[in-house]
Amino acid sequence: MGVLACELSGTLVSSLLLQNSNAIHSFLLTRTYFISSNLHGHLIHHLSINGVFFLYSHLSAGAGGWSPLISDKYQWLEVDLGERTKITAVATQGRYGSSDWLTSYLLMFSDTGHNWKQYRQEDSIGSFPGNSNADNVVQYKLQQPAIARFLRLIPLDWNPSGRIGLRLETYGCPYTSDVVSLNGGSSSLVYRLSPGPWQTSKEVVSLKFKTLRNSGILLHAEGQQGVSLSLELERGKLQLLLRQGKTSPEPLHLTSLGSLLDDQHWHHVVLEQKSAHLNLTVDKNTERVQLPAEFSRWAIEQGNVTFSCAEPVSVALTFPGPQSFLQLPGTTASSPGGVSVGFQFRTWNKGGLLFTFSLPQQEGMVWLYLSDARLRLMIHKRLSPAVFSGAALNDGQWHAVDFTARRGRLTISVDKGEGGIAHAAPSFPITAETQLFFGGKSEFRLLKHSEECRNLFETFQGCMRLLTVENQRVDLIKVQQRLLGNYSQLQIDMCGIIDRCSPSRCEHGGRCSQSWTVFHCNCSDTGYSGATCHSSVYEQSCEAYKHNGNTSGHFYIDVDGSGPIKPQLVYCNMTEENTWMVLLHNNTELTRVRPSPAVSQHSVHFDYSSQEEQLLAAISQSEHCEQELSYHCRKSRLLNTLEGSPFSWWLGGPGQGRVQTYWGGAHPGSQQCACGLQGDCVDLQHYCNCDADRLEWTEDSGLLTHKDTLPVRSLVLGDIQRPGSEAAYRVGPLRCHGDKNFWNAAFFDKETSYLHFPTFHGELSADISFLFKTTGSSGVFLENLGIKDFIRIELSSSTQVVFSFDVGNGPLEVRVESSVPLNDNRWHRVRAERNVKEASLRLDELAVATQEAPTDGHFHLQLNSQLFIGGTASRQKGFRGCIRSLQLNGVTLDLEERAKITPGVQPGCPGHCSSYGSLCQNHGRCVERASGFQCDCSLSAYAGVFCQTEVSASFKPGTSVSYTFKEPYELSRNSSALPSSIYSEMTLRAENISLSFRTNQSPALLLYVSSYYREYLAVLINKHDKLEVRYKLDSSRDAEVLRSSVRNVANGQLHTVTIKRLTDSVSVQIDENAREDFNLTSDGEFNAVKSLVLGRVHESDDLDPDLAKLASLGFTGCLSVVHFNTMSPLKAALLHSDTSPVIITGPLVQSNCGSAASTNPYAAENTHHLSGKKGGASFALSVKKLFCGVIAVVIFVVVTGLAITGRLLYQRKETYRNQQVKDRQENSQDFAFSNQADSQSVPCENPKEYII
C-alpha cells in the first residue's frame, strides 16, 4: 500500500511509495489492511489476524496479488486505510506471472465500511479502465479526490483466458477536519462576528454535512433590520430562503440546489457573498442569487442543525435491472397466523414489482407493486380486486411500506400512515410459508402461472432498506455472504440512485423528469425543442420567415437561436421591397403635452414590448433600423441655437439610454433638426422649425437611423411653460429590416480552400445550422478536432449528409439520405444537434435522423484545434460551393469578413432564384438581388410579396372598368414609360383568360372584349345559370356560342374560370370540373382588338340585341384576379389607375371578396404563437390593437360636353391605437395639426380602396 505526494493545507507530504521502483520504502501504513469477498483466494505477502489480511507488497515487487477462487461479478476487494484519507489516484496491475488481470472495475468509498458510494468521473462514467496484460501498471488519477477511510474495488471484466487477478496501489494523503455532531434537537453552533468594519471584499462560509434525514435547518444567518437568510434541507434538497423580519409570513425562495442529500455521505456547501450577489455551491454545482441591501454585512452566523451526524449502520440494496431480486425465507410455523413484512424503498420509476409470495393452499399469488406511482396489491385467486395506497411514490424519497395480514384483515400502510392506509378483508387466510421475493423476476417458478402473471408487472429499479419479516430486521450482510436467502445482480450495502435532473440538463426552462436510467425534458411552452430543449422552434428574423414562404403577420423570432435570449413577438411587414420588423412600445400616437404648474419640464418614458436583451440583439442583427421622432409646436422651442443649451432632448441606446440633442432627420451630436440639415427651416437663423418660436403651428419630424442611439427610451420637453406655448410629440415604433446573418455567405472555389475560426465550445450541447449549394458530389462542410474528440459535418455523396463526432465513447455517425441529388446548385439547409441525450441531423424538410447517446458514458465534447469551414486540417476532401448563414449555438460566424482575407474563398454567393424562385406564384417573376431575391408581379393578376394576394373588387350595376388596348396610331409611338402589361398586338390568334367571380345574378355579363371591326368576345352567365363564351370573329356572321355543362354557377359561391383559345380550338374549365373542348368555324383571328370591359358596357352599338340588353344591366357581385393574356385589367384599375389605360365608371370597391378563409390561408393576418404545433412559451407581450378605416380624400368632378364622370379615391390609412389613449386634440380649434396616421405602422387587415 502506498501514498503519493499530496498537497494538504500548504504542506507537501513526501512520497511513501515510488511506483515501479525497487527502492526501500521508509514508511508503511501499518493500519492499512485488506478484506476480500473470498477469504480462500490467493493473497500473497500477508499476515492473518482474526481473519483480516494485511497486505504490504507493492506493484512490480515480485510475486503476489489478489485472485479469488471464483471469478464472477460478485467479488470485491476492500481496503481499510485506517483513517479518513484524501485519495487522489489508484493503480492496478495483473497478478504476477499469470494470465490474471482486470480489464475494467468499479470503485466504491465509505467512511464506515457500510453505505458504500460509487465513484463517478466528471461525465458520470462509473467504470475504470483496467489492464491489458499482467505486467504493465495502469494508473488513473481521480478527477475529484475522494475522501474516505474505506475503498472497495469491484471487478467488472477480466482477461477471458484467465481469471480475476489484481495488484493494487492507492495514492493520497491523510485528511483531518473538525467535526461537530448535533443530536437533532435544540443543539446548535453559534458564531458571532467581531464588531467593527470588515476589510474583506467578500464573505465565504464553507462546510460539509452528512445526514440520513431529509429535512432540517443547516445554517441561519441574520443581516440588518431583521432580514435573515437560512439554508434548509427539504426533501433532500437545499433551499436558500430569505425572510423579511421575524413577522414575515412566508419566506422568499431564492434558489434550491442539490438532491438526494440525505444519503449519509459528505456534501460540500459553500456560500460566497460578493456585495449584493451570493453564490451557493453544493458539491460541484453553483447558483447565483441577488441579495437585498440589508445583507451587505452579516451580523450573526448560526448553525442550527436538526439532524444527527452519528454513523448509524443502515444497509441498503440496489436493484439495478430486470434480473435483480432478493429471496428470503418465509414465515416459520411458530409465527402467528398471517404475515407481516416491512421495508423502505426509493425510486424514480412509476411502476415496478416490490415483493411477492405464493399462497400454496389457495393456489394463488400475492403481488405488491407500483403502478402510476401508487402502491397496489393484487392477489391472484379468482381475480381478486386490487388495493391501492399512497401517491407520487416515484419522487426519489424514502417511503416506508408496512404489509400486515392478520385474522382475516389485510392492511397496507405507506409512510406510517401519512402516505395513506388501505384495508381489505380477504375471504381466505394470507400466509407466507414459502419464500418471499423482493424486486424483479425470480429464477424460481412459484406456481405454474407465476411467470405468466409476473409479466404483468414492470421491473422494480430502485433501492430498499430496513427490511423486516415478522417484525425481525433482516441481516443483509448475511445475505451478501450467502448465509441467508439468495439474490441475483444486487448491489448490497449501497443505494445507487442517481438524480439525473440535478443539475437539470434541460435548457431554456424545460421541465426535467426521470426514470431510473434516463431523464426526459418537457419542452412545451418554452419555444424550444429537442431532447434537452436546446434548439429554438422559431426563426431568427422576419427575413427568414419571408424566405419560408410566409406573408405579413405577427411572428415569434428568436434572435440568438439556441442562446439565452427568449423569443419575442414582433410584426413582420412583408408588403414592401424590404422586410420590416416592427417593435412596439406603449405610446406610438401623437400626444399633446399638458403643462403642469409645478414642473418646468415634461418627461415621458417608453416601455417596449420586448425585453432589453431582445431589443439590443434585434437591432444589432438588422442591417438598418429607424424610428420616427416628431415635435409639433406653437410658441414652444425645441433645441435652441447651436451655442445654447437645448430646451428638449431624448435618451436612446442601450440600458436607460444616453442623452441625444439632435432630432429626427439630422446627425448625432449636431443639435439640429432635419430642416437645419437641408437648409429649409422656416427661419434660416435657426436649425429647427420650432426654434423660430412662432404663433403658428409647425413641426420638426424625421427618422432616427443611427442604430447606436436606438431605441428611443425617454423624451424630455422643456419649453412648455410660457404663456401660449403648446406642443405635442410622437415617437413611432422601432422598425428594422435586413438580417446580416441570413445572407452571410462564402464561396469556396477550390477543394483545398477553407476558412478557419477559433475553437468551437459546445461541451454539453452543440447545434450547428447552415445552408449550402454545390455542384460537387462530396466535401467536408465543417471540422473541429481535439486530442481524441472531434466533430464533423460532410457531404459524403451527392445524396447523403453525415454528422459524426466522438466525445470519448467512440465515433458516432448520424446520416440523412435524400431522394433527390443535393449537388443541384440549389440551397439546402442542414441542422445538426448533439447533446447529452442524443445526436440529431435534419436535411431540408426530411425526417430527422437521431442516435441516442450512451446512458452512462462520456458527454463532454473537448476540442482544442481551430474550427475549419469548407475543409479539414489535412486539406483533404474539401468542399467546393457556397455555405451561408452558418450558426453555432446561435452565434453566426462572419464568413464574408473572413473570406475577404482568405485566398481561394470569395465573400458572398449570388444566385438565389434557383432555390427561392418557386415562392413567386401566379406568373410572378423572380428577380435576383445582392442579398436575396424579389418577386416581380407586373405580369401577374395577383399582388403581394410572393404575387399570392388576390386583387378583387365588388361591382354594382353601374360599375364599369374599361381597359383600352393600343390605338392604331400608337403603334409607332414610344410609350416605354407605361407598364409592359398594357401592350398587346392588335390581331390575336390566341387568348389565355382567367378570372374568379362570385354572384347571384343571372343572366350576367362577366367580361367583354371589343374590336374595331365589330368583332367581339364575351364571357357571361346565361339565364340557366350556366357559363357561356361567345366568339364573333367574323363581322358578317353570327356569334358562335360555347356553352358549359357546369350548372348553377350563379349560386353566390366563388368560381374560377379558365378559357384558352388557339386559332379555332377553345377549352373551358370551371373550378375543378373536367375541361370542356370546343371548335370554332371561323378563321381563328380576332382582329384589331379595341378594349376590354368588366361590368356595364356603355358602348353597345356593335353588340347583338340580346347581348346589348345584357350589357346594359351591368354586373352585381365580385370579380377577382382577372387575367387576359399578359394584362391584368382589374389590377391595373385598382392599383395602377394613374399609369394604365383604364377608365372607371361608377362605384368600384376593392375588397377580399375573391378569397375565402377556407381557400386562402393569407386572407387574414397570421400570428405564430408559442402554443402552436411546435410548442412554445406564453410570453406576456402587450401588442397594440390595429385600427383600420377608410378616409375620403378628394372628389374630382369633370364636366365635358359628352358626360360627367366623378372619381373619388379613398386611400387606405393605417394607425396604431393605444389602450390608454393620450391627450387628444379636443377642445382646441387652435390645435391645428392633425393626428396623422402612422405611415410606418403595422398594415391593417383587409384594407379597402374605393374608386368611383
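Computed from a predicted model, the values in this text were never measured in an experiment. (Residues numbered from 1 in each chain as written. Predicted model: local features only at pLDDT ≥ 70, side-chain atom pairs only at ≥ 80, totals over all residues. Heavy atoms only, no water.)

*Asks:* Which residues make up helix α4 (residues 612-621), and what values go with them?
*Replies:* Within α4 the residues assigned to the buried category are Gln614, Leu615, Ala617, Ala618, Ile619 and Gln621. Residues of α4 that are buried make contact with β44 (568-573), β45 (580-583), β48 (622-634), β52 (712-717) and β54 (734-739). (Buried < 20%, exposed > 50% of the residue type's maximum accessible area, 1.4 Å probe, protein only. Helix = DSSP H or I, 4+ residues; strand = E, 2+ residues; numbered from the N terminus. Contact = heavy atoms within 4.5 Å.)

*Asks:* Could you give me a rundown of the pattern of salt bridges, with the residues and numbers involved?
*Replies:* Across all of its chains, the model carries 36 salt bridges by this definition. Its salt-bridge partner being arginine 634, residue glutamate 726 comes within 2.2 Å of it at the nearest N-O pair. Taken together, the residues span a long stretch of sequence, with glutamate 726 in strand β53 (residues 726-731) and arginine 634 in strand β48 at a distance of 92 residues. An identical accessibility class is assigned to glutamate 726 and arginine 634; each is buried. (Salt bridge = Lys/Arg side-chain N within 4 Å of Asp/Glu carboxyl O.)

*Asks:* Residue-level account of the packing of aromatic side chains, with values.
*Replies:* Tallying each qualifying case throughout the model produces 37 aromatic pairs. The interplanar angle of 80° and the centroid separation of 5.5 Å between the aromatic rings of phenylalanine 355 and phenylalanine 403 together place this pair among those described as edge-to-face. Of this pair, phenylalanine 355 sits in strand β27 (residues 352-359) while phenylalanine 403 sits in strand β31 (residues 399-406), and the two are 48 residues apart along the sequence. Judged on exposure class, the residue phenylalanine 355 and its partner phenylalanine 403 are both buried. Ring geometry for tyrosine 369 and phenylalanine 457: centres 4.4 Å apart, planes at 40°, overall tilted. (Phe/Tyr/Trp six-rings, centres within 6.5 Å; stacked < 30°, edge-to-face > 60°.)

*Asks:* Tell me about the sheet that holds strand β59 (residues 790-797), and name the residues and values.
*Replies:* Within a sheet, each strand pairs with its neighbour through backbone hydrogen bonds, oriented either parallel or antiparallel. With antiparallel pairing, the 6 strands of this open sheet are ordered in space as β56-β65-β58-β59-β60-β61. Looking at strand neighbours, the two that pair on one side only are β56 (755-757) and β61 (812-817), the edges of this open sheet. When the angles between neighbouring strand axes are averaged without regard to direction, this sheet yields 15°. (Pairing = 2+ DSSP bridges. Axes fitted to C-alpha atoms, helices over the stretch in contact; angles between N-to-C directions.)

*Asks:* Help me get a handle on the side chain of histidine 1123, residues and values and all.
*Replies:* Counting through the fold element by element, histidine 1123 comes out in strand β82 (residues 1117-1124). Setting aside anything within four residues of it in sequence, one finds histidine 1123 in contact with Leu939, Ala941, Asn992, Ile993, Ser994 and Ser1128.

*Asks:* Which residues make up the state of the cysteines, and what are the values?
*Replies:* One pass over the full model with this rule turns up 14 disulfides. Residue cysteine 633 pairs covalently with cysteine 690 via a disulfide, S to S 1.9 Å. Its S-S torsion of about -95° marks the bond between cysteine 633 and cysteine 690 as left-handed, since a negative value means left-handed. Here cysteine 633 is found in strand β48, whereas its partner cysteine 690 is found in the loop between α5 (674-678) and β51 (698-704), with 57 residues between them in sequence. This pair shows no difference in class: cysteine 633 is buried, exactly as cysteine 690 is. Note that cysteine 937 is cross-linked by a disulfide to cysteine 947, the S-S spacing being 2.0 Å. The S-S bond linking cysteine 937 to cysteine 947 shows a torsion near -95°; that makes this disulfide left-handed. Taken together, the residues span a long stretch of sequence, with cysteine 937 in the loop between β70 (932-936) and β71 (952-955) and cysteine 947 in the loop between β70 and β71 at a distance of 10 residues. A single burial state applies to cysteine 937 and to cysteine 947, both of which are buried. (Disulfide = S-S within 2.5 Å.)

*Asks:* Tell me about the side chain of threonine 759, and please be specific about residues and values.
*Replies:* With respect to the element layout, threonine 759 can be found in the loop between β56 and β57 (766-774). There is a polar contact of 2.6 Å between the side chain of threonine 759 and the backbone oxygen of serine 865. Setting aside chain neighbours within four positions, we find threonine 759 in contact with Asn784, Leu863, Asn864, Ser865 and Gln866. (Polar contact = N/O pair within 3.5 Å; in protein donor to acceptor, adjacent residues only side chain to side chain.)

*Asks:* A description of the pairing of strand β29 (residues 374-379) should follow, citing residues and the corresponding values.
*Replies:* Burial along β29 is one-sided: Leu375, Leu377 and Ile379 are buried, while Arg374, Arg376 and Met378, pointing the other way, are not. Summarising the sheet, strand β28 (residues 364-371) and β29 pair through 6 bridges and their orientation is antiparallel. Within β29, the position partnered with serine 371 by the bridge is arginine 374. Hairpin connection, β28 to β29: the antiparallel pair is bridged by 2 residues, and aspartate 372 has positive phi, about 55°.

*Asks:* Tell me what's going on with the UniProt feature "domain: EGF-like" (unreviewed entry) in the protein chain, and back it up with residues and numbers.
*Replies:* UniProt records the feature "domain: EGF-like" (unreviewed entry) at residues 497-534 and 910-948, using the numbering of this structure. From the first C-alpha to the last, residues 497-534 spans 26 Å; its make-up is 0% helix and 26% strand. In this annotation, residues 910-948 is assigned 10% helix and 26% strand; the end-to-end C-alpha distance for the span is 25 Å. (UniProt positions renumbered as here; feature names shortened; annotations may be inferred.)

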